Amino acid sequence: MVDLKDTAPASVPKERVPTVVIPMPEPVVLPASWQARGEPDRISIYRNVDGDACFAIVRWETEAGKDVRPVVWNGTRFQVVAYPDLRPLYNSDIIATHPDATILLVEGEKTADAALAYMPDGWIVTTWAGGSNALNKSDWSVLHGRRVVIWPDNDMPGKEAAEAIAQRLRDNNTEVGVVSLSKNYPAKWDLADELPDGVSPVIVMANMIAAANNAVVRLPPSIIDDALEDKEDIPAPLPSIEECAEFKALGYTDKHFFIMPAGTKIILSLNARELMSASGCLQVVNDFDYWAEMFPAKRGSSSRADWEMAGSMIMRECQKVGVYDPRRVRGRGVWTDQARVVVHTGESLIVDGRVVNPVMMKSRFVYKIDAPLFVEGLNQNNAANDAEGRLVVELCNAARWEHPVFGDLLAGYIATAMVCGALHWRTHVWVTGNSGSGKSTVINNIVSACVGDMALYPLGETTESGIRQTIGNDARPVIFDEMEGTDERGPAGANRRNAIISLMRMASSEGRGRIMKGSASHQAVSFTMRSSFLVASIGMSLKEAPDLTRTMVLGLKPLMNDARPEERRRAQQQWEVMNRLASRVRTDMPERLFCRMTEVLPVLMKNAQVFREAIAEKMGNRRLGDQVGTLLAGRFALTTRKIFTVEECMEYLNRFDWVGVVATPGEREDIRLVNHIRQHVIKVQARHGNTVERTIGELIHVSKGTAVDDEVDSTKATGALSRMGIKADDAADVIWLSKQSQAIDAIMSKSTNPTDWASVVSRYPKAVKASYRIRFAAGSATAIGLPYSAWVD
């Protein structure tokens, strides 16, 4: 906006500065000398806090640009001259009558009126008259003590004016936040202009709210009694850390204070001695002038600042925060924080599409800066489109899977792994297949090409602690090829794999549980994991039900040595299709998929909930809804931004036969364990002295006399079962299972519950616990009794 002029153009005679009379009558009638210019495009009335009209700003839009003039009332006529006193702000009367409202301050009346389309409910917009060169001519007192958000014009004069106003208001106990304009807003842009590409009304409002959340106030100094004699000994009031935003206090422990400097954005851990020194304070803010201004050195001191006072202030700010909690630290990845989508790329923090300094982030969590996930940086406008998402789905389906839905589930893993930190449930994937079946091809040509450096890629004998310490506080996928390693057969290999599987189990869901381990310093170390795992191996090491219900096992179809030529030809064609699709994957696909998934994250989370409901209804198991639903929601997030209905999800689910796809399609764990015992094969002595093989279920029928076996009689069957720790009790009509039988323990070692099988089996319908010890061939023992119906096919 141009400066207000006290004179009209040369063609209009100059008028004297009036004695203003308030209130000014309405409507405004231009002097005859100005009416020849035609009707103005805009007339904006400025009122005082009592609602009286004081002056008007009249605006014409011409081919040469805008022409803005002030109009006042001198008691007899309107004059085109400047208002001579301090000018009230636009909408001062509305501001005064709404003491709790947040105020949006913009530059210019046209911008103020246009801003109404973007403001949150309950906000009030205002501006000042005269543009950036007339700040001292306005009465800002109506904003004192309020919360004000300033949206500057996107040029240097506009930003300088915003900072000058912010400083003036903060000096008067006003909370002020200045909107930080991203690169999406072109130069000289303001709220009266059309929205640029990539910016929606929701984003504009989000920018306003973010600035309001970051609003800070400069506290006035304490009043010191002039009668005090030794004023040098009175410490200056401590400045507010929130105000200076040079660093963020994170808390304290018994020995250290934790601080995040705005410059480095890392977490410092300093003790009291270190903080109360120049070297310690300069680690927090590397600026001698800053500390010298905040805490001037005492007279006669050779030091540039009072470092003890500076360190004391930092410690007091940390004490205000409370005990430091490392669980609040978040690293790289995608997170949700109070309904906000937080994207942490390592080098920057992006909150709802806007880059934010972690020091200024108002949150219960702490986001520390680290090495960048994307070496070339992240371009938020580089999101993959639907066609590229379909390419990823086609590529995943090009592998030779044992089941047709496995390709979609792998695509779902790729999508959800990108945003695994923000999900309430993370389903892992285990790819299995014979040597040469294409496991490494799936990892390298499909998953790695789409996930890129977002993931961690351990190999061979990598340990659980190695993965955990490398991931740290990050939310990143872990892609583990050839998990067997060279120690596959030894106990060390089994222990290593079990520890990694335990880590996967803990990483899958959003819970309060934490893994706690001792350390060399005799201090307990606890941690959480928010990673999505993809493991590839020849065999599948998952045994226990909690692991099977957190992991999708995707099998690759082997090509047999005796396969027919036609089958080999089809396999070769499928291989060529996969290679052609893989060649179309762009080198920046990981970045593009990452941007897409952060954009569609709310849709993904909603569809995951809908798929969970549909799967629970179809398969009768809510855990399967978590396991499969998250992956399917991710698969469709690659190709559409639509929110599905339960009916649409059910239609998709009905395309596939899910038997064999999921580990436990609606089967209870207690029933599954009893079936595992019943189907186990043992050797038993036959009638003629030879040895035959029978299942435990078959022997129970023979022992009870409900089945006839030509080679094994009832006595032989009963004896074999008793030696196993199994005994039929006709009086109680149950089959007793010994809880101390090594033979049964050996059978259950290959089940989904190898250690706690007895407590799970005891949940079987009509199961009973023996009130006395039951005698078996190896001696008496406590036992669980299962009804005979449990052993019937």
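Residues numbered from 1 in each chain as written. Predicted model: local features only at pLDDT ≥ 70, side-chain atom pairs only at ≥ 80, totals over all residues. Heavy atoms only, no water.

**Things to note about the overall build of the chain**
Move 1: The number of helices and strands found in the chain is 26 helices and 31 strands.
Move 2: Residues classed as buried in the chain amount to 51% of the 793 residues present.
Move 3: In the chain, the share of contacts with a sequence separation of at least 24, taken over all contacts with a separation of at least 6, comes to 67%.
Move 4: Summing over all exposed atoms, the chain offers an accessible surface of approximately 37700 Å²; the carbon and sulfur share of this is 49%. (Helix = DSSP H or I, 4+ residues; strand = E, 2+ residues; numbered from the N terminus. Buried < 20%, exposed > 50% of the residue type's maximum accessible area, 1.4 Å probe, protein only. Contact = heavy atoms within 4.5 Å. Areas by Shrake-Rupley, 256 points an atom, 1.4 Å probe, with all protein chains shown as cover.)

**A short note on the pairing of strand β7 (residues 147–150)**
Move 1: Of the pairings in the sheet, the one linking strand β5 (residues 103–105) to β7 comprises 3 bridges and is parallel in character. Across the sheet, L105 pairs through a bridge with I150, a residue of β7. (Pairing = 2+ DSSP bridges.)

**Details of the sheet that holds strand β26 (residues 726–729)**
Move 1: In spatial order, the strands read β26-β27-β31-β28; together these 4 strands make up an open sheet with antiparallel pairing. Across the chains shown, the open sheet's two edge strands, defined by having one partner strand only, are β26 and β28 (768–769).
Move 2: Sheet topology places β28 next to strand β31 (residues 783–787); 2 bridges connect them, and they run antiparallel. The residue bridging K769 from the neighbouring strand is I784, located in β31.

**Examining the side chain of N48**
Move 1: Along the chain, the position of N48 falls in the loop between β1 (42–47) and β2 (53–62).
Move 2: A distance of 3.0 Å separates the side chain of N48 from the backbone nitrogen of D52, its partner in a polar contact.
Move 3: Dropping the residues within four chain positions of it, N48 is found in contact with I22, C54, P88, S92 and D93. (Polar contact = N/O pair within 3.5 Å; in protein donor to acceptor, adjacent residues only side chain to side chain.)

**Some details on the pattern of salt bridges**
Move 1: What the rule picks out here adds up to 27 salt bridges.
Move 2: Among the ionic pairs, R641 bridges to E599, the shortest N-O distance being 3.1 Å. With R641 in the loop between α20 (622–637) and α21 (646–653) and E599 in helix α18 (residues 589–599), this pair connects stretches of sequence that are 42 residues apart.
Move 3: Assessed through its relative accessible area of 43%, R641 is described here as partly exposed.
Move 4: In this structure, the salt-bridge partner of R612 is D626, at a minimum N-O distance of 3.4 Å. (Salt bridge = Lys/Arg side-chain N within 4 Å of Asp/Glu carboxyl O.)

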